[in-house]
Each structure stands twice: as C-alpha cells, then as structure tokens.
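So the chains spell out like this:
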Amino acid sequence: MLTRVRRSWEMREGAATDEAVYLRRRAFMTGVAAAPLVLSGAGRALLAASPEGVAGELYPAARNPAWTLDRPLTAEGPVTSFNNFYEFGGSKRIAAAAQALKLEPWAVTIDGLVEKPVTLDVEDLIRKMPLEERLYRHRCVEAWAMAVPWTGFPLKALLDFARPLGSAKYLRMETFHDPEVAPGQRSVLGFLFDYPWPYVEGLTMAEAANELAFIGTGLYGKPMPKQNGAPLRLVTPWKYGFKSIKSLVRFSFTEERPKGFWEIVQGSEYGFWANVNPAVPHPRWSQAEEEMLGTGERRPTQLFNGYGEQVAHLYEGLADEPLYM
Ligand SMILES: Nc1nc2c(c(=O)[nH]1)N[C@H]1C(S)=C(S)[C@@H](COP(=O)(O)O)O[C@H]1N2
Ligand SMILES: [Mo]
C-alpha cells in the first residue's frame, strides 16, 4: 500500500489506463465497437490529449531547437495549477473554475486595418499555421518565473495570414467576454468597482513581427489547458506575464496604441511596454530577483528576461518611453 502523500499536481499513477477504460466503456455504451486493447499511435495520441483540446492529434509538435533554456524545465504540475487568469478569480487556484470554458465552437476575428476582415473557427486557424514547440522562460511582474515548452506558431505567421494595411501601427488582442462562464467577469461590487472586461493587450507591429512573439496553442506536448489560456494565448517572453493575454477571440490592427487591461485598472503601475528589467522595481515587487515555480529557486532577473539579443533593437530611439513598466 502506498502511503506517500501525493502533491496536488502529481499525476495519479495509472491515470492513462483509467482513461482508456473509460473511453472503451463509453464506446460500448453508445453501441460502437470497443476500441482494441492495443492502441495505435494515433489512438495513444488522442488519449494523451485533453478530451476538449482543439486538434489534439497535432500534438506533440516538433521542437524548434533554436530556442533553448539556461535552466531546467519547470514541472508541469505547478504550471497548470498555479495561474493568473482573473476571469476565473483573483487567486492562483483557478484551474478547476477554468474548466467551464467551452472551446467548441470558438470563433476568432481578425479585423481593423487589414485587407479583408475575417472570422473563422480556431481549429481552422490552427490547421493553417506552422505548429512547433519552443522552450521559453516566462516572468510574472509578481517576481515568480517558469521555464516551459509551449506549442504554437510565430505571431508573424498570423500577420502574414491577416495581411494588415501599411497604416496599421499596433496589434490589439482581446479575450472572450462571457460572465456566465467566467465568474470574475460578473459585477460583484456593482457601481463601486468593475474590472474593464474584456482583457485587452497590445503590441507594436514591430514587436508582433519579432521572431520571439508566439501564439501558444499547447503546453507540454498537449493542447493548451484551459487555465493556461486555451485555445490561443499570446507568448512574449521578454515582457512581464500580464502582456501574454489568454483565450484570444480577436486580433485587430489599429493606428492608435491600445490600452491594456492592467494599464486601464492601474496606469501608475502597469504600462504598455512592460519589458523585463531587474533595475526598475514595481511599486510592490522588487524586480532584482525571481523565484522559480515548483522549486522555489531564486535567480537574478535578466534584462529583457534574457532575450536582449532578439529584442533590444526594437527599443532604440524610445528612451523617453516608460519601457520597463
Ligand atoms: N485573459 C487573461 N490573460 C492573462 C491574465 C489574465 O488574468 N487574463 N493574466 C496574465 C498574467 S499576470 C500572467 S503572469 C500570465 C500567467 O499565465 P499562466 O497562468 O499560464 O502561468 O497570464 C497572463 N494572461
Ligand atoms: Mo503576471
């Protein structure tokens, strides 16, 4: 008898077997022939995917070896059970609540200053994009950090698909808005205080076209967990985590600089640029060091989160801008 205490993020031993048994039973009950006991490769891939994941058979995607890490990968458990996703509440333990998100159907709109606005289903969009896996660091302004394998596609591929006009200066991204699904979006304090839903973020066109800017569709070789921002979330590893907007429904090309969710809520603490810099403290968090999720290891923060080689040139001539808040 195992008496070891299991931490909440450890996978239950034999969980995959349980799932296989469950699927066979379900097939039996619906009158479909039971799945063979020995699963084909594709069958195993389907079982590994989360049941509601979008286009699960595309995972795992091939890893792009250009993006390596200076530290071990963070364990999957803490990454999928310690989250910021205010739509589902202000605590870090929103993973269960986030399961209410319905991923099918999920419409994505591309509009604003583009040749031709379009709305398409997220699965169609993902199937048009070149999926790959990248190992990236992630740094929250609250001074915690992680190192994770994202699956997804370069944001540049979406720009090429969208064909923005020459007059477009910014890309504005927007999260779903559905108070019935997301309790955080319900008005709690009424007229006293409401968050400015939906969550919005923005990048300059040069930032959006940078090779590092990525749209995440998966994590740890599987479709994106809902709590991490399924089915599409921005990944900008040189910026604080609040820029990496989750569960996207809209990409708009604009001439005006969009105001982000946290910039609207508290403009004195959160700005448009939000580039990681150890020398510029947030009013509530020193940015000198970061703490790795899962291990608690402390490391010195790096300028641009260690990605200066890829992005420092984007900020030349912008010294008067608040680049690090
Ligand atoms: N829509 C939406 N996106 C969001 C947030 C949020 O509250 N809502 N939180 C942000 C913050 S502050 C961080 S650090 C990351 C956390 O991503 P993770 O939960 O996958 O680690 O998501 C970002 N994207
Ligand atoms: Mo964050």
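Starting afresh in each chain, residues are numbered from 1 along the sequence in its written order. Each chain takes a letter, starting from A, and each ligand takes a number, starting from 1, following the order in which they are written. Only residues with pLDDT of at least 70 are given local features in this predicted model, and only at 80 or more are side-chain atom pairs given and counted; all residues enter the totals for whole chains, interfaces and linings. Side-chain measures were taken over the full set of non-hydrogen atoms in the model, leaving aside hydrogen atoms and water.

What follows is about the overall build of the protein chain. Per the secondary structure count, the protein chain includes nine helices and 12 strands. The buried share of the protein chain, reckoned over its 325 residues, is 50%. Expressed as a percentage of contacts within the protein chain between residues at least 6 apart in sequence, the contacts between residues at least 24 apart total 73%. Strands here are runs of E lasting at least two residues and helices are runs of H or I lasting at least four, both read from the DSSP assignment and numbered beginning at the N terminus. Here's how the labels work: a residue is buried when its accessible area is under 20% of the maximum for its type, exposed when over 50%, partly exposed in between, all with a 1.4 Å probe on protein chains only. For this analysis, residues touch if any pair of their heavy atoms sits within 4.5 Å.

The subject of this paragraph is the UniProt feature "binding site: Mo-molybdopterin" (unreviewed entry) in the protein chain. UniProt positions are given in the numbering used here, feature names are shortened, and annotations may be inferred rather than shown by experiment. Under the present numbering, the feature "binding site: Mo-molybdopterin" (unreviewed entry) in UniProt falls on Asn83, Tyr86, Glu87, Cys140, Thr175, Asn228, Arg233, Ser244, Ile245 and Lys246. Along the chain, Glu87 falls in the loop between α3 (76–81) and α4 (95–98). Looking at Glu87, the relative accessible area reads 2%, which means it is buried. Contacts of Glu87, omitting those with residues within four sequence positions, involve Thr175, Phe176, Ala182, Pro183, Gly184, Gln185, Trp197 and Tyr199.

Before going further, it helps to examine the sheet that holds strand β10 (residues 248–254). Any two strands with at least two DSSP bridges between them are considered paired. One open sheet holds the five strands; their spatial order is β2-β1-β10-β5-β6, and the pairing between them is mixed. Each end of this open sheet is capped by a strand with a single partner; those strands are β2 (118–121) and β6 (200–204). Across this sheet, the average inter-strand angle for adjacent strands is 15 degrees, counted without regard to direction. Relative to β2, strand β1 (residues 107–112) is paired through four bridges, and the arrangement is antiparallel. The residue bridging Val108 from the neighbouring strand is Leu120, located in β2. The angle between two axes is taken between their N-to-C directions and runs from 0 to 180 degrees, where each axis is a line fitted to C-alpha atoms and a helix contributes only its stretch in contact. Where helix α6 (residues 155–162) meets the sheet, it contacts β1, β2, β5 (170–175), β6 and β10, and its direction lies at approximately 65 degrees from that of β10.

Take the pairing of strand β3 (residues 132–139) next. Burial analysis of β3 places eight of its eight residues in the buried class, which makes it a mostly covered element. Covered by surrounding structure in β3 are Glu132, Arg134, Tyr136 and His138 together with Glu133, Leu135, Arg137 and Arg139, the residues of both alternating faces. Where β3 meets strand β4 (residues 144–154), eight bridges bridge the pair, whose relative direction is antiparallel. Within the sheet, the bridge partner assigned to Arg139 lies in β4 and is Ala145. Between the end of β3 and the start of β4, which pair antiparallel, lie four residues, with Ala143 showing a positive phi angle near 75 degrees.

This next bit is on the environment of Pro105. Among the secondary structure elements, Pro105 is positioned in the loop between α4 and β1. Here the alpha-carbon distance between Pro105 and Asp121, two residues 16 residues apart in the chain, equals 6.8 Å.

With that settled, consider the environment of Gly184. With respect to the helices and strands, Gly184 occurs in the loop between β5 and β6. Taking the C-alpha atoms as reference points, Gly184 and Phe88, separated by 96 residues in sequence, lie 4.9 Å from one another. The residues contacting Gly184, other than those within four sequence positions of it, are Tyr86, Glu87, Phe88, Gly89 and Trp197.

The next point concerns the site of ligand 1. To be near a molecule or strand, a residue needs just one of its heavy atoms within 4 Å of it. Neighbouring ligand 1 are 18 residues; Tyr86, Glu87, Asn228, Ser244 and Lys246 lie closest to it. In the model, a nitrogen atom of ligand 1 is placed 2.8 Å from a nitrogen or oxygen of the Glu87 side chain. Between Thr175 and ligand 1, the recorded distance is 3.2 Å, taken from a side-chain N or O atom to a nitrogen atom. Under the convention used here, a 1.4 Å probe and the Shrake-Rupley method define accessible areas, while residue burial counts only the protein chains that appear. Across the complex, the protein chains shield 98% of the 540 Å² of accessible surface that ligand 1 would expose by itself. By residue class, the composition of the shell around ligand 1 is eight nonpolar, seven polar and three charged. Here a polar contact is recorded for every N or O atom pair within 3.5 Å, except that within protein the pair must consist of a potential hydrogen donor and a potential acceptor, and residues adjacent in sequence are included only if both atoms are side-chain atoms. In this classification, the charged set is Asp, Glu, Lys and Arg, the nonpolar set is Ala, Val, Leu, Ile, Met, Phe, Trp, Tyr, Cys and Pro, and all remaining amino acids, among them Gly, are polar.

Structurally, the position occupied by Asp111 is in strand β1. A polar atom in the side chain of Asp111 sits 3.0 Å from the side chain of Arg250. Not counting residues within four places of it along the chain, the set of residues in contact with Asp111 comprises Pro117, Arg250, Phe251, Ser252 and Phe253.

Moving on to unusual backbone geometry. Cis geometry is found at the peptide bond from Tyr59 to Pro60, where omega equals -5 degrees. Its location among the elements puts Pro60 in the loop between α2 (41–48) and α3. Non-glycine residue Ala143 carries a positive phi angle of around 75 degrees. Within the secondary structure layout, Ala143 lies in the loop between β3 and β4.

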